[in-house]
Amino acid sequence: MQAIVSLYSTVPNEIKKFLTHFYGNTHLEINDNLKQWQLNYPNPIEIVDIIGAFIENIDYYNLSMWISLDDGVFIKVTTDNADELIRYLYERFPY
């Protein structure tokens, strides 16, 4: 099972701005009007970085983030549950 990270926004260019900030100023081929972005991660621990960046910058972007660790089950990432999700990831996938 691969972990999935999905970003949603109703504001044009918002996902592109966040991903440009997260990945650095690399040239990303992302549509300015994109309302959803999704990426599969083969190693679930790899999503910890993007969760952390999302939470640290949640006040600057009009985005919502959802993650999936199991088929068909998505969890919304919030300031209230981000720390617990990250701890859970390290407990469930220790390698």
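Up top is the structure these notes are about.
Rules used throughout
Residues numbered from 1 in each chain as written. Predicted model: local features only at pLDDT ≥ 70, side-chain atom pairs only at ≥ 80, totals over all residues. Heavy atoms only, no water. Helix = DSSP H or I, 4+ residues; strand = E, 2+ residues; numbered from the N terminus. Rg over C-alpha atoms; globule rule 2.2 N^0.38 Å. Buried < 20%, exposed > 50% of the residue type's maximum accessible area, 1.4 Å probe, protein only. Contact = heavy atoms within 4.5 Å. Phe/Tyr/Trp six-rings, centres within 6.5 Å; stacked < 30°, edge-to-face > 60°.

Caption draft 1: View of the overall build of the protein. On a plain count of helices and strands, the protein comes out with three helices and four strands. Starting at the N terminus and walking to the C terminus, you meet the elements of the protein as β-α-β-α-β-β-α. On C-alpha atoms alone, the protein measures out to a radius of gyration of 13 Å, which is about the 12 Å that the 2.2 N^0.38 rule sets for 95 residues. Projected onto its principal axes, the C-alpha coordinates of the protein cover approximately 35 × 25 × 25 Å. Counting every position in the protein, which comprises 95 residues, the buried fraction comes to 37%. Nonlocal contacts in the protein, meaning residues at least 24 apart in sequence, comprise 61% of its contacts between residues at least 6 apart.

Caption draft 2: Main features of the environment of asparagine 40. With respect to the element layout, asparagine 40 can be found in strand S2 (residues 36-41). Overall, asparagine 40 belongs to the partly exposed group, its relative accessible area being 39%. Considering only alpha carbons, one finds asparagine 40 and aspartate 70, 30 residues apart in sequence, at a separation of 12 Å. For asparagine 40, the residues in contact, after removing those within four places along its chain, are Gln2, Ala3 and Ile4.

Caption draft 3: Expanded view of the packing of aromatic side chains. One pass over the structure, following the stated rule, counts four aromatic pairs. Ring plane angle 85° and centroid distance 6.3 Å describe the contact between phenylalanine 18 and phenylalanine 54, whose orientation is recorded as edge-to-face. With a gap of 36 residues between them, phenylalanine 18 in helix H1 (residues 14-23) and phenylalanine 54 in helix H2 (residues 47-56) connect regions that are remote in the sequence. Taken as a pair, phenylalanine 18 and phenylalanine 54 share a single burial class, namely buried. With centroids separated by 5.4 Å and ring planes inclined at 80°, the aromatic side chains of phenylalanine 18 and tyrosine 61 adopt a geometry described as edge-to-face.

Structural measurements only, silent on function.
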